[in-house]
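So the chains spell out like this:
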Amino acid sequence: MTAQTTVDRPFFSQLLRERSWGFHQRAESAGFMQALMDGEIDRAGYALMVAQHLAIYEALETVERELYTSDVAKPFLTDKLHRVPSLRADLAALVGPERVRTLPLLPATLRYTVRIREMSGWAGGFVAHHYTRYLGDLSGGLAIGKVVARVYGLTDAGVSFYRFDQIEKPKPFKDEYRAHLDAAPWEPDEQERVIAEVLNAYQLNTDVFTDLAEAVGLGGGR
């Protein structure tokens, strides 16, 4: 009998969603993102965010390669989710290919990437970061992409990060992903560790938005 079928605990994917919902909402409502979607951030500020995302996903997809043979991580891995090529193309379109590597990485971004790279020694922690990033991208990220495209007059180059051309229907994909979470061979104590790392991932992401707000001069790091 797995941990997910015990009487006193819900399915792990449900437990994870319930425990992380407040952190998820806090990240989504970060002042920088609100200002971005309201058109209060110029293209340079948007490009700065894309540069942070590129560093984060490079770290995540590097660790993925290191854990590709892990029995725990492997069910979650698919090239359909990879974002690094899109982010590189978006940044090149926004600032020019020669400047892709010249935009600064903010302190919170560096802390985030360090933490992700530490997950190469813990597959459950890697899944926590994988879940936080990619399922968010497939949910609210799709709507954000449409708003950003409209606000900044972008059609393809510059917002390809938000499109998953190889995933025709996000809902069935997300349902399957959550089924993998429920089937993961984690006892309750390991589930708690994974949940704690998901919360940490959300906080690290929120910290990046705080640094971005300060970098572009939003009052109080809003």
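Residues take numbers from 1 onward in each chain, read along the sequence in its written order. Only residues with pLDDT of at least 70 are given local features in this predicted model, and only at 80 or more are side-chain atom pairs given and counted; all residues enter the totals for whole chains, interfaces and linings. Hydrogens and water are ignored here; the side-chain numbers use all heavy atoms of the structure.

Next up on the list: helix H5 (residues 107-118). Numbering of helices and strands runs from the N terminus; a helix is a DSSP stretch of H or I covering at least four residues, while a strand is a stretch of E covering at least two. Multiplying 1.5 Å by the residue count of a helix minus one yields the expected span of that helix. For H5, which comprises twelve residues, the first-to-last C-alpha distance of 17 Å matches the rise-based estimate of 16 Å (1.5 Å per residue) to within 8%. Relative accessibility thresholds used throughout: buried, under 20% of the residue-type maximum; exposed, over 50%; partly exposed, between the two (1.4 Å probe, protein chains only). What H5 keeps buried is the set Ala108, Thr109, Tyr112, Thr113 and Ile116. Along the long axis of H5, the arc covered by the buried residues comes to 135 degrees, so they all point the same way. Residue contacts follow a heavy-atom distance rule, with two residues in contact if any of their heavy atoms lie within 4.5 Å. Packing partners of the buried residues in H5 comprise helix H3 (43-66), helix H6 (123-137) and helix H9 (188-215). Regarding the arc, it is the one traced by the directions from the helix axis to the C-beta atoms.

Before going further, it helps to examine the pattern of salt bridges. Just to be clear on terms, a salt bridge is a Lys or Arg side-chain nitrogen sitting within 4 Å of an Asp or Glu carboxyl oxygen. Summed over all chains, the structure comprises nine salt bridges. Among the ionic pairs, Asp165 bridges to Arg163, the shortest N-O distance being 4.0 Å. Residue classification places Asp165 among the exposed positions, given a relative accessible area of 66%. Counted as one network, the salt bridges with shared partners bring together Glu58, Arg88 and Arg101.

Here we come to the packing of H3 against helix H4 (residues 84-95). In the contact formed by H3 and H4, the axes pass within 9 Å of each other and the chain directions differ by 155 degrees. One element, H3, and the other, H4, form an angle in the roughly antiparallel class. Taken as a pair, H3 and H4 cross one another with a handedness that is left-handed. Contacts from Tyr46, Ala47, Val50, Ala51, His53, Leu54, Tyr57, Glu58 and Glu61 in H3 reach Val84, Leu87, Arg88, Asp90, Leu91, Leu94 and Val95 in H4. Residue type decides the class: Asp, Glu, Lys and Arg count as charged, Ala, Val, Leu, Ile, Met, Phe, Trp, Tyr, Cys and Pro as nonpolar, and the leftover types, Gly among them, as polar. Per-class residue counts for the contact of H3 with H4 are eleven nonpolar, one polar and four charged. Throughout, an axis means a line fitted to C-alpha atoms (over the contacting stretch in the case of helices), and angles, computed between N-to-C directions, take values from 0 to 180 degrees. Roughly parallel means an angle under 35 degrees; roughly antiparallel, over 145; roughly perpendicular, 65 to 115; everything else is oblique. If you view the pair so one helix is near and one far, a crossing is left-handed when the near helix is turned anticlockwise from the far one by less than a right angle, and right-handed when it is turned clockwise.

What follows covers the environment of Leu142. Take Leu142: it is sitting in helix H7 (residues 140-152). Under the relative-accessibility criterion, Leu142 is labelled partly exposed at 25%. Distance in space between the C-alpha atoms of Leu142 and Ala179 is 22 Å, their sequence separation being 37 residues. Setting aside its immediate chain neighbours within four residues, Leu142 contacts Asp137, Tyr162, Phe164 and Pro170.

This paragraph deals with the packing of aromatic side chains. Ring pairs are drawn from Phe, Tyr and Trp, using the six-membered ring of Trp, whenever the two centres fall within 6.5 Å, and their geometry is named by plane angle: stacked under 30 degrees, edge-to-face over 60, tilted for the rest. Applying the stated criterion across every chain, the model contains eight aromatic pairs. Taken together, the ring pairs in this structure connect Tyr57, Tyr134, Phe161 and Tyr162 into an aromatic cluster. Whether a charge lies above a ring is judged from NZ of Lys or CZ of Arg, which has to be within 6 Å of the ring centre and within 35 degrees of the ring normal. Over the ring of Phe164 we find Arg83; its NZ or CZ atom is 3.7 Å from the centre of that ring. Over the aromatic face of Trp122 sits the side chain of Arg193, whose NZ or CZ is 3.9 Å from the ring centroid.

Turning to the packing of H5 against H9, a few remarks are in order. In the contact formed by H5 and H9, the axes pass within 8 Å of each other and the chain directions differ by 155 degrees. Classified by the angle between their axes, H5 and H9 sit roughly antiparallel to one another. When you trace H5 past H9, the crossing you get is left-handed. Taken together, the residues of H9 that come into contact with H5 (itself represented by Pro107, Ala108, Thr109, Arg111, Tyr112 and Arg115) are Glu197, Asn200, Ala201, Leu204, Asn205, Asp207, Val208 and Asp211.

What follows is about the nonpolar core. Counting residues in hydrophobic clusters, the biggest one holds 72 residues, and the most contacted among them are Phe32, Leu36, Tyr46, Met49, Leu91, Phe126 and Leu181. Of the residues forming this core, the biggest block, twelve residues, is contributed by H3. Take the buried Ala, Val, Leu, Ile, Met, Phe, Trp, Tyr and Cys residues and link them wherever side-chain atoms come within 4.5 Å; each set so joined is a nonpolar core.

Time to look at the confidence of the model for the protein. Confidence scores labelled pLDDT are given residue by residue by the predictor and lie between 0 and 100. Looking at the protein, the pLDDT average stands at 91 and 91% of residues meet or exceed 70. Mean pLDDT across the elements of the protein bottoms out in helix H1 (residues 12-28) (82) and peaks in H5 (98). Low confidence marks residues 1-7, where pLDDT is under 50. Its contacts with residues over four positions away, or in another chain, come to 14 contacts.

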